[in-house]
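Each chain, letter by letter, is given below.
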Amino acid sequence: FGRTEVIDNTLNPDFVRKFILDYFFEERENLRFDLYDVDSKSPNLSKHDFLGQVFCTLGEIVGSQGSRLEKPIVGIPGRKCGTIILTAEELNCCRDAVLMQFCANKLDKKDFFGKSDPFLVFYRSNEDGSFTICHRTEVVKNTLNPVWQAFKISVRALCNGDYDRTIKVEVYDWDRDGSHDFIGEFTTSYRELSRGQSQFNVYEVVNPKKKGKKKKYTNSGTVTLLSFLVETEVSFLDYIKGGTQINFTVAIDFTASNGNPAQPTSLHYMNPYQLNAYGMALKAVGEIVQDYDSDKMFPALGFGAKLPPDGRISHEFALNGNPQNPYCNGIEGVMEAYYRSLKSVQLYGPTNFAPVINHVARYASSVKDGSQYFVLLIVTDGVISDMAQTKESIVSASKLPMSIIIVGVGPAEFDAMVELDGDDVRVSSRGKYAERDIVQFVPFRDYIDRSGNHILSMARLAKDVLAEIPEQFLSYMRARGIKPSPAPPPYTPPTHVLQTQI
């Protein structure tokens, strides 16, 4: 992808070169960093000494506290190779929008009867010196001293994020037939405008033709900036950087319709050579979400089974057998607990979703300050028994910091799930509609790679089910007026203190 600069003669380099990568929450973006000691001018890496390497994902860097990840360098057997420190920041110069308001004084009178009907047109300059229109104000009728309404424009549209680029403003007198009369123009820049209302932001409107003809011509009026307010759009990463944790919970369908786990036709069949559909869905989604959870401890639940020793039916049991502490260590821990459960419980029914949704909702309702967000993954073979209760649970949960992903496995008809998804019609229960869309449903069969490449199937599945999470997350935070916490201060390497004797 790229190389840093070379820093001579040091074991503690602080590289300046930055790398710009596209970031997608819903994809696993694997990175590898190789370190070399440069011995000659050759661009060929094999001519230099290899000092070790580091593997990680972009999600790991971004999801670390303050988006700063420290990892040991590996790759030379039996040798400590030092550590690498990786930091990531979102490019945000272009997330700002500006609210501006202008007025004008003593503009030229252009209409034969009555005064002018002025409006402004804003242009940003391009690299090649040409201009592109980026905003037109409304027309204020019959005045030479108009006050235009405030308007909002993104910094990207106004100057492409370059604060010193020329912004040209033209002033026109509106005519009904579309042949608007040119009054005059002036230029400014974002940096200039950002000084706000001041003597610097009063502009003479000049008509070059008039200026060329008349010796005594000064201007065709003035335009004044009345206010300038910057609003920054906050992003998903601002919250992650400020320490918001994403808590991931898994719920697995243990109903009898999945088929006997000992039979190869069962959706729960434990094939020693490859993951079953349940395992693939868990791993695909879990491996991405785990980068955003600092303790990597995930509650894993099952529903629809008879439990030992007394055969009671449960719709909310801990896969690890410990109801007081249903947490499993990492996605690997979840997979182990899932396989262990299959050996001990009896598949039964019915298929009830509400208990596991309410389980996660209880946790989510206790932290509404934006420090945590909950994602529940339900993997199921299908036909839901408690539709009314599930809708009620979803409508209640839509007020909480949580999202629900349902992956349907097997060949069943999933009509009811599509209704829960709420993309076309918002989910409702007893006349109350869900506050926001929090359910994403996908049938796993749509993602199976024809060539049998499971890695590809899993990547596609994760990409689709997780793509909506950042927006659902932001819709909760916005609705509650929760701002991201400030990120911890950037890391500064310790300086070596020289001791002096007095």
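Residues numbered from 1 in each chain as written. Predicted model: local features only at pLDDT ≥ 70, side-chain atom pairs only at ≥ 80, totals over all residues. Heavy atoms only, no water.

Looking up the protein in an unreviewed UniProt entry gives the name Copine-8, with the organism given as Fukomys damarensis. A UniProt comment under Sequence similarities (unreviewed entry) is attached to the protein, and it reads "Belongs to the copine family." (UniProt positions renumbered as here; feature names shortened; annotations may be inferred.)

A few words on the pattern of salt bridges. Across all of its chains, the model carries 19 salt bridges by this definition. Taking the shortest distance from any N to any O, the salt bridge between Glu231 and Lys152 comes out at 2.8 Å. In this pair, Glu231 is assigned in strand 12 (residues 222-232) and Lys152 in strand 8 (residues 151-154), connecting sequence segments 79 residues apart. Residue class for Lys152 comes out partly exposed when judged on its relative accessible area of 46%. (Salt bridge = Lys/Arg side-chain N within 4 Å of Asp/Glu carboxyl O. Helix = DSSP H or I, 4+ residues; strand = E, 2+ residues; numbered from the N terminus. Buried < 20%, exposed > 50% of the residue type's maximum accessible area, 1.4 Å probe, protein only.)

What follows concerns the sheet that holds strand 9 (residues 166-173). An order of 7-6-9-10 is seen for the 4 strands of this open sheet, with the pairing classed as antiparallel. Looking at which strands have only one partner, the edges of the open sheet turn out to be strand 7 (131-136) and strand 10 (181-189). Each strand axis lies, on average, 30° off the axis of its neighbour in the sheet, ignoring direction. Two strands pair when backbone bridges link them, and strand 9 and strand 10 are joined in this way by 8 bridges, in the antiparallel orientation. Opposite Asp173, over in strand 10, you have Asp181 as the bridge partner. (Pairing = 2+ DSSP bridges. Axes fitted to C-alpha atoms, helices over the stretch in contact; angles between N-to-C directions.)

Attention shifts here to the packing of aromatic side chains. In this structure the tally under the stated criterion is 23 aromatic pairs. An angle of 20° between the planes, with centres 6.4 Å apart, marks the rings of Phe102 and Phe151 as stacked. Of this pair, Phe102 sits in strand 5 (residues 96-105) while Phe151 sits in strand 8, and the two are 49 residues apart along the sequence. Aromatic pair Phe414 and Phe441: ring centres 5.4 Å apart, planes at 55°, arrangement tilted. Of this pair, Phe414 sits in the loop between strand 21 (402-408) and helix 10 (415-421) while Phe441 sits in strand 24 (residues 439-443), and the two are 27 residues apart along the sequence. For Phe414, a relative accessible area of 5% translates into the label buried. A network of ring pairs unites the aromatic residues Phe25, Phe236, Tyr239, Tyr292, Tyr373 and Phe473 as a single cluster. Geometry around Tyr123 places Lys168 over its ring, the cationic atom sitting 5.4 Å from the centre. The ring of Phe131 has Lys168 lying over it, and the distance from NZ or CZ to the ring centre is 4.5 Å. (Phe/Tyr/Trp six-rings, centres within 6.5 Å; stacked < 30°, edge-to-face > 60°. Lys NZ or Arg CZ within 6 Å of the ring centre and 35° of its normal.)

Where helix 8 (residues 354-364) is concerned, the buried positions are Ala354, Val356, Ile357, His359, Val360, Ala361 and Ala364. In the core, the buried residues of helix 8 are packed alongside strand 13 (245-253), strand 14 (297-303), strand 20 (372-380), helix 9 (387-397) and strand 21. (Contact = heavy atoms within 4.5 Å.)

To continue, consider the UniProt feature "domain: C2" (unreviewed entry) in the protein. According to UniProt, the feature "domain: C2" (unreviewed entry) maps to residues 1-71 and 80-203 in the numbering used here. With 8% helix and 30% strand, the stretch residues 1-71 has end C-alpha atoms that lie 20 Å from each other.

Residues Phe248, Phe254, Leu282, Ile405, Val407, Leu461 and Leu466 are the most contacted members of the largest nonpolar core, which totals 70 residues. Among the elements that line this core, the one with the most residues is helix 6 (residues 277-289), at 9 residues. If you count residues domain by domain, this core takes at least three from each of domain 1 (1-92) and domain 3 (245-480). Grouped together as the second largest cluster of nonpolar side chains are 31 residues, Phe119, Val121, Tyr172 and Ile183 included. (Core = buried A, V, L, I, M, F, W, Y, C linked by side-chain atoms within 4.5 Å. Domains from an automatic or database assignment.)

Let us look at the side chain of Asp117. Residue position: Asp117 is located in the loop between strand 5 and strand 6 (118-125). One buried charged residue, Asp117, remains without a salt bridge, the closest side chain of opposite sign being Lys141 at 5.6 Å. In terms of polar contacts, Asp117 uses its side chain to reach the backbone amide nitrogen of Asn142, at 2.6 Å. Filtering out sequence-adjacent residues up to four positions away, Asp117 remains in contact with Asp111, Val139, Val140, Lys141, Asn142, Tyr172, Asp173 and Trp174. (Lys, Arg positive; Asp, Glu negative; His and termini not counted. Polar contact = N/O pair within 3.5 Å; in protein donor to acceptor, adjacent residues only side chain to side chain.)

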